[in-house]
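# Remarks on the overall topology
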Amino acid sequence: MNIVVVGAQWGDEGKGKLIDILSKDVDITVRYQGGSNAGHTVRVGDEQYVFHLLPSAILRKGKICVIGNGVVVDPKALLEEMDGLKRRGIAVTPKQLKIAVNSHVVMPYHRILDGLREKMREHKIGTTGRGIGPCYADKVTRCGIRMVDLLNPRVFRAKLQDNLREKNEYFKKVFNQKGFHFDEIYSEYMTYARRLRAYVCDTALFVNEEISKKKSVLFEGAQGAFLDIDFGTYPYVTSSNTTVGGAPSGSGVAVTSIDKVIAAVKAYTTRVGEGPFPTEFDPKMDEEIRAKGKEFGATTGRARRCGWFDSVLVRYAAVTGGFDELAIMKLDVLDELKTIKLCSAYKYKGKILKDFSHDYEVICRAKPVYIEMPGWQKPINAVREFRKLPPQARAYVERMEELVGVPIKYISIGSERDEIIVR
Ligand code: IMO
Ligand code: MG
């Protein structure tokens, strides 16, 4: 069984925890898009791990993790992550981790450009500053440097020279910066290449061969449906396909090999960075839920914006993503609330809108139509069976299911590995 896990909102849905649980029963976990902008948190007992580039299954002994071709790899960030794990007693071996030869490499100029572009924009995106957009832009404009190039000094030299020739002009003339030295970047990246060489292979061939041997694969999506470059709240999105389509193109595994799509959804909504957010809370409620849900970015530490559950968004994500099952995460964060609201539709210029809109003005000005439900007002983290949840909590979950139109299979009721209800 090959499963894709995606986020159905604006990221941070709790994909890390879900992947960690599901990876127990699969052989290979593949990251297929995004880069070190992702922050996937896994809690094991008293220990907490945050993964940016490494698949969240890296903690599972004997399981294989793959960084697919669709990922933009920052070798510095990746090595820091690997070194950090080593200090905690977990060594990542080339047998356990495979990096795609044809994945693109994040360069120092990508990170700097990410920051400079943001600074210059009047309407800022609020990126993570990890160089993601500029790296994907180079991939598409065909001047990117791939992992395989890094392993061949002659190719790397020529490509880096070509890039700096053009980019230094741009840095000097547009941004009034002094530009980059070839020798510094070259030697820095040659060091990374030496350390990463043993991990790099044709991961598409590797994964397909394992699939032909009946091994199972879990595809770990990063970000969420509304950060998707095509289907998200453009331009307030990331630069990759975060929806299920990213999995085949970002891994080299055909769509016909994918058996199931599971979407992680928070029991409410959060967004980090700028952009429209119809169900955003007022400042008081925002603060309350942020404190309860510890809603601070795992990558940048920024405060996440919080709001009510928006079924208009998740329904759209379900249609465009072909979701088979939903995993409701962080339901326990709502434990103390007296009433809980769910957005069932939007109201715009006197009309009821049932569907998400790509029109920037509509999505900015649409007013949510809410259903109000009573809260359960008691802790639920000890519950392990759906029928043992308080009736109000069951009713809330069932209403979400009905509004989105996808069966809810998992309900997370705490941050620990075992704090989950499987229906
Ligand atoms: P995980 O995988 C939440 C957001 C940024 C910004 C926009 C573009 O942990 O769910 P980028 O640096 O990608 O160019 O920034 O996307 N963003 C995320 N928000 N979770 C993430 O990842 C995110 N990765 C990027 O905040 O609004
Ligand atoms: Mg995150």
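Because the structure is a prediction, the values reported are computed rather than measured.

Applying the stated criterion across every chain, the model contains 18 aromatic pairs. Ring centres 4.9 Å apart and planes at 65° place the aromatic pair Phe226 and Phe356 in the edge-to-face group. In this pair, Phe226 sits in the loop between strand E10 (217-220) and helix H9 (246-249) while Phe356 sits in the loop between strand E17 (351-353) and helix H12 (360-365), placing the two residues 130 residues apart along the sequence. Overall, the relative accessible area of 1% leaves Phe226 in the buried class. Using a relative accessible area of 8% as the deciding quantity, one classes Phe356 as buried. The structure contains a cluster of three or more aromatic residues connected by ring pairs, namely Trp10, Phe226, Phe277, Tyr316 and Phe356. A cation over a ring is seen here: Arg157 above Tyr186, with NZ or CZ 4.6 Å from the ring centre. Sitting over the face of the ring of Phe386, Arg423 holds its NZ or CZ atom 4.1 Å from the ring centroid.

Volume-wise, the second largest pocket comes out at about 240 Å³. Taken together, 13 residues make up the lining of the second largest pocket; nearest its centre are Arg60, Lys61, Gly62, Lys63 and Gln96. Among the residues forming the lining of the second largest pocket, the class breakdown is five nonpolar, four polar and four charged.

The next thing to look at is the pairing of strand E5 (residues 64-67). With burial as the criterion, each face of E5 is covered, one bearing Ile64 and Val66 and the other bearing Cys65 and Ile67. Sheet analysis places strand E2 (residues 28-31) next to E5, joined by four bridges and oriented parallel. Bridge pairing in E5 links Thr29 to Cys65.

So, on to the domain arrangement of the protein chain. Along its sequence, the protein chain is carved into domain 1 (3-100 + 199-262), domain 2 (105-195) and domain 3 (267-312 + 330-403 + 416-422). For domain 1 versus domain 2, the separation of C-alpha centres amounts to 23 Å. Each side of the interface is counted separately: domain 1 has 25 residues, and domain 2 has 19 residues. A combined buried area of about 1,800 Å² lies between domain 1 and domain 2, and 65% of that area is made up of carbon and sulfur atoms. At the surface where domain 1 touches domain 2, the tally comes to two salt bridges. A salt bridge links Asp74 to Arg111; the nearest nitrogen and oxygen atoms lie 2.6 Å apart. Joining domain 1 to domain 2, the criterion identifies five residue pairs in polar contact (both at pLDDT 80 or more). Contributing elements (two or more residues each) for the side of domain 1 that touches domain 2: strand E6 (72-73), helix H2 (75-87) and strand E7 (97-100). Looking at the side of domain 1 that touches domain 2, the element that brings in the most residues is H2, giving four residues.

What follows is about a nonpolar patch on the surface. Side chains of Met120, Tyr170 and Val174 sit close together on the surface and give an oily, nonpolar patch of about 280 Å² of accessible area. Of note, Tyr170 is situated in helix H6 (residues 153-175).

Before going further, it helps to spend a moment on the packing of H2 against helix H7 (residues 182-196). For any two helices packed against each other, one specifies the inter-axial angle together with the distance between the axes. Two numbers describe how H2 lies on H7: the axes approach to 10 Å, and their chain directions differ by 45°. Judged by the inter-axis angle, H2 sits oblique to H7. In the packing of H2 onto H7, the handedness of the crossing is left-handed. When H2 is examined against H7, the residues Pro75, Lys76, Leu78, Leu79, Met82 and Asp83 are found in contact with a partner set consisting of Glu188, Tyr189, Tyr192, Arg195 and Leu196. Across the contact of H2 with H7, the residue classes tally to seven nonpolar, no polar and four charged.

As summarised here, the arrangement of the 10 strands in space is E9-E7-E5-E2-E10-E1-E11-E15-E19-E20, forming an open sheet in which the pairing is mixed. Unpaired on one side and paired on the other, strand E9 (200-201) and strand E20 (420-422) mark the two borders of the sheet. Helix-sheet contacts for helix H1 (residues 15-22) involve strand E1 (3-7), E2, E10, strand E11 (260-266), strand E15 (325-329), strand E19 (408-412) and E20, and the interaxial angle to E1 is about 165°.

To continue, consider the environment of Val101. Within the secondary structure layout, Val101 lies in the loop between E7 and strand E8 (104-105). Distance in space between the C-alpha atoms of Val101 and Thr203 is 7.3 Å, their sequence separation being 102 residues. Setting aside its immediate chain neighbours within four residues, Val101 contacts Arg146, Met147, Val148, Val200, Cys201 and Asp202.

Our focus in this paragraph is the nonpolar core. Core analysis: the biggest nonpolar cluster contains 70 residues, and Phe219, Ile289, Phe323, Leu331, Leu334, Tyr396 and Ile411 have the highest contact counts within it. The element best represented in this core is helix H13 (residues 391-404), accounting for six residues. If we skip the residues at most four places from it in the chain, Phe219 touches Asn2, Ile3, Val4, Val5, Ile19, Val30, Tyr32, Ala247, Ser251, Val253 and Ile258.

Binding of the magnesium ion (ligand 2) to the protein goes through Asp12 (OD) and Gly39 (O), at separations of 2.0 to 2.4 Å. Remark: Gly39 occurs in the loop between E2 and strand E3 (40-44) and Asp12 occurs in the loop between E1 and H1; sequence separation between them is 27 residues. Residue Asp12 is classed as partly exposed on the basis of its relative accessible area, which comes to 22%. Exposure remark for Gly39: the relative accessible area of 13% places this residue in the buried category.

In the vicinity of ligand 1 lie 20 residues, with Asp12, Lys15, His40, Thr128 and Thr238 positioned nearest. Contact distances for ligand 1 include 2.6 Å between an oxygen atom and a side-chain N or O atom of Thr128. Measuring from an oxygen atom of ligand 1, one finds a backbone N or O atom of Val272 at 3.0 Å. Burial of ligand 1 by the protein amounts to 98% of the accessible area it has alone, namely 550 Å². Per-class residue counts for the shell around ligand 1 are seven nonpolar, 10 polar and three charged.

About the criteria used
- Residues numbered from 1 in each chain as written.
- Chains lettered and ligands numbered in written order.
- Predicted model: local features only at pLDDT ≥ 70, side-chain atom pairs only at ≥ 80, totals over all residues.
- Heavy atoms only, no water.
- Phe/Tyr/Trp six-rings, centres within 6.5 Å; stacked < 30°, edge-to-face > 60°.
- Helix = DSSP H or I, 4+ residues; strand = E, 2+ residues; numbered from the N terminus.
- Buried < 20%, exposed > 50% of the residue type's maximum accessible area, 1.4 Å probe, protein only.
- Lys NZ or Arg CZ within 6 Å of the ring centre and 35° of its normal.
- 1 Å grid on protein atoms, 1.4 Å probe; cavity = no way out; pocket = protein on both sides within 12 Å on 5 of 7 lines; lining within 4 Å.
- Points joined across faces, edges and corners; volume = space filled by probe spheres on them.
- Nonpolar A, V, L, I, M, F, W, Y, C, P; charged D, E, K, R; others polar.
- Pairing = 2+ DSSP bridges.
- Domains from an automatic or database assignment.
- Contact = heavy atoms within 4.5 Å.
- Buried area = accessible area lost by both parts, 1.4 Å probe.
- Salt bridge = Lys/Arg side-chain N within 4 Å of Asp/Glu carboxyl O.
- Polar contact = N/O pair within 3.5 Å; in protein donor to acceptor, adjacent residues only side chain to side chain.
- Patch = residues over 30% accessible without salt bridge, like charges linked within 9 Å, V, L, I, M, F, W, Y side chains within 5 Å.
- Areas by Shrake-Rupley, 256 points an atom, 1.4 Å probe, with all protein chains shown as cover.
- Axes fitted to C-alpha atoms, helices over the stretch in contact; angles between N-to-C directions.
- Parallel < 35°, antiparallel > 145°, perpendicular 65-115°, else oblique.
- Left-handed = near helix turned anticlockwise from the far one by under 90°.
- Core = buried A, V, L, I, M, F, W, Y, C linked by side-chain atoms within 4.5 Å.
- Donors = N, O, S within 2.8 Å, 3.2 Å for Na, K, Ca; no water.
- Near = heavy atom within 4 Å.

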